[in-house]
Every structure is written in structure tokens, then in C-alpha cells.
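Analysis of the macromolecular model
Below are the chains, spelled out letter by letter.
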Amino acid sequence: MAPLPHLHRLLPLLLFLPFILVRRGARPPDAATGLHPVVLLPGNKCSQLEARLTDAYEPPSPQCKGPVGRWFRLWKNATAQRDPAAAPCLADQLRLVYDPALRDFRNVAGVETRVLRFGSTRGFLADNPGDKDLCMGTLVEALERAGYRDGETLFGAPYDFRQAPAAPG
Ligand SMILES: *[C@@H]1O[C@H](CO)[C@@H](O)[C@H](O)[C@H]1NC(C)=O
């Protein structure tokens with residue numbers, strides 16, 4: 001018959017199901033503080049990235065050869081962004097190339113990258129205190145005032161924001 005009466009009966013369950021699932025999936029509160037853990041996922045361009053160049057790197061100009069084998073801050077690196085000599089190097093090292101064999105994007109040959117401090121909110125906070133509204137700095141401060149502690153009850157999940165699914169074609 002008409003599905004409406006059945007739907008009507010199911011409605012309370014449908015309304016409460018997400019709540020039940022969340023409750024069942026939630027970690028128990030921290031024994032000492034009673035706080036449920038919070039995981040923050042930063043927005044686009046917030047996660048800090050480090051890079052290391054290898055001998056396979058072919059720089060667009062000799063000045064981009066850079067230090068080989070040393071990890072340095074690739075993003076966000078305001079010094080390099082503002083330096084007219086370093087900015088083109090930064091742009092080249094941040095670039096992704098499409099690999100038809102992988103059917104995905106990867107770093108330019110000779111550039112290794114890593115995300116900093118997975119698990120902590122410290123891998124995506126703004127360096128400049130004036131920018132703390134960006135990338136959840138104000139939220140982290142508010143949570144810490146409320147008793148949350150980074151790495152104990154407050155966690156961060158930084159990621160390589162350049163990696164998005166390849167567009168069709
Ligand atoms: C920023 O980039 C420049 C140029 O690539 C590099 O020399 C410097 O070490 C980087 N800064 C940090 C903090 O790694």
C-alpha cells in the first residue's frame with residue numbers, strides 16, 4: 001500500500017539514528033577532565049607542509065637548486081613568498097604533476113613532501129598571531145580555555161591540501 005504510514009512509523013528512528021550512531025562511536029570522555037575528544041580538520045591551505053629536495057630535482061633556474069637533503073618549510077613560507085628571487089622556486093616546488101601511470105597527481109620529481117605534526121592542532125595554526133582567526137586558531141584557544149589539551153583531548157588532522165581527486169580527463 002502507500003509507503004506513507006510506514007514512513008511515519010519509522011520517522012522517530014530516522015531522527016534518532018544519527019544521534020545513536022554518534023553516541024555509540026564516540027570515545028569515552030577523558031577520565032580526568034570529563035571532556036569528549038575533539039578532532040579538528042583544517043581548511044584548505046591551512047596545513048603546514050615540509051619539503052626536501054633530492055638530486056632528481058631539476059630546478060627551473062640555478063638559484064632554485066636549494067639545499068639538497070634538508071627538510072624546510074614549503075607551506076606556509078611567508079619569507080619565500082615575499083622574496084622575488086625565492087617565490088618562483090616555491091611555486092615550482094609546490095606544483096603537482098599528473099602521472100598517467102598512477103592516474104593521479106604527484107610531486108615534481110625530486111621534491112619530497114610531508115605534513116607536520118599529524119594528530120596535533122600545531123600543524124596548521126597560523127605562524128603570525130595576527131592571522132589566528134584563519135585556520136581555527138581562535139577556536140583552538142577557546143577550546144584550550146575550556147580545558148582541552150592538545151594531544152590529550154584535542155587533536156588535529158592536517159593533510160596535503162594540494163591533493164584533490166583528479167578531474168575527469
Ligand atoms: C623558506 O623557504 C626558503 C627558500 O626555499 C628556505 O631557505 C627557508 O629555509 C624556508 N623557511 C623555513 C622556516 O624552512
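Anything mentioned here points back to the structure above.
Worth saying up front: this structure is predicted, and the values here are computed from it rather than measured.

Moving on to the sheet that holds strand 6 (residues 111-115). Ordered in space as 3-2-6, the three strands form an open sheet in which the pairing is antiparallel. If you trace the sheet from one side to the other, it starts and ends with strand 3 (72-75) and strand 6, each paired once. When strand polarity is set aside, the average angle formed by the axes of neighbouring strands in this sheet is 40°. Its contacts with the sheet put helix 3 (residues 87-94) on strand 2 (49-53), strand 3 and strand 6, and the angle it makes with strand 3 is roughly 80°.

What the largest pocket holds in volume is close to 330 Å³. Those elements that provide at least two residues to the lining of the largest pocket are strand 3 and helix 2 (78-82). Considering only residue class, the lining of the largest pocket consists of eight nonpolar, four polar and six charged. Residues from two domains meet in the lining of the largest pocket; each of domain 1 (10-48 + 117-162) and domain 2 (49-115) gives at least three.

With that settled, consider the pattern of salt bridges. Applying the stated criterion across every chain yields a total of seven salt bridges. The shortest N-O distance in the salt bridge between Arg122 and Asp150 comes to 3.8 Å. Here the residue Arg122 occupies a position in the loop between strand 6 and helix 4 (137-145), and Asp150 occupies one in the loop between helix 4 and strand 7 (154-156), the gap between them amounting to 28 residues. For the salt bridge of Arg162 with Asp160, the shortest nitrogen-to-oxygen distance reads 2.8 Å. In this pair, the class of Arg162 matches that of Asp160, namely buried. Residues joined in a network through salt bridges with shared partners are Arg122, Glu144 and Asp150.

This brings us to the site of the ligand. If you check the shell around the ligand, you find Arg70, Phe72, Arg73, Asn77 and Ala80 and nothing else. In the model, an oxygen atom of the ligand is placed 2.8 Å from a nitrogen or oxygen of the Arg73 main chain. At 2.3 Å, a side-chain N or O of Asn77 approaches an oxygen atom of the ligand. In isolation the ligand exposes 360 Å². Once the protein is present, 53% of that is buried.

Next up on the list: the state of the cysteines. If you walk through the whole model with that rule in mind, you get two disulfides. The residue that forms a disulfide with Cys46 is Cys135, at a sulfur-sulfur distance of 2.0 Å. Taking the sign of the S-S torsion, -85° for the link of Cys46 and Cys135, the bridge is left-handed. Pair noted here: Cys46 is in the loop between strand 1 (38-40) and strand 2 and Cys135 is in the loop between strand 6 and helix 4, with a separation of 89 residues, a long-range link. Classification of Cys135 as buried rests on a relative accessible area of 18%. Here Cys64 connects covalently by a disulfide to Cys89, the sulfurs 2.1 Å from one another. The sign of the -75° torsion about the S-S bond sets the Cys64-Cys89 disulfide as left-handed. Of this pair, Cys64 sits in the loop between strand 2 and strand 3 while Cys89 sits in helix 3, and the two are 25 residues apart along the sequence. Given a relative accessible area of 2%, Cys64 falls into the buried group. Taken in N- to C-terminal order, the disulfide-linked cysteines of the protein are connected 1-4, 2-3.

Reading the values: the criteria
Residues numbered from 1 in each chain as written. Predicted model: local features only at pLDDT ≥ 70, side-chain atom pairs only at ≥ 80, totals over all residues. Heavy atoms only, no water. Pairing = 2+ DSSP bridges. Helix = DSSP H or I, 4+ residues; strand = E, 2+ residues; numbered from the N terminus. Axes fitted to C-alpha atoms, helices over the stretch in contact; angles between N-to-C directions. Contact = heavy atoms within 4.5 Å. 1 Å grid on protein atoms, 1.4 Å probe; cavity = no way out; pocket = protein on both sides within 12 Å on 5 of 7 lines; lining within 4 Å. Points joined across faces, edges and corners; volume = space filled by probe spheres on them. Nonpolar A, V, L, I, M, F, W, Y, C, P; charged D, E, K, R; others polar. Domains from an automatic or database assignment. Salt bridge = Lys/Arg side-chain N within 4 Å of Asp/Glu carboxyl O. Buried < 20%, exposed > 50% of the residue type's maximum accessible area, 1.4 Å probe, protein only. Near = heavy atom within 4 Å. Polar contact = N/O pair within 3.5 Å; in protein donor to acceptor, adjacent residues only side chain to side chain. Areas by Shrake-Rupley, 256 points an atom, 1.4 Å probe, with all protein chains shown as cover. Disulfide = S-S within 2.5 Å.

Scope: geometric values only; no functional claims are made or implied.
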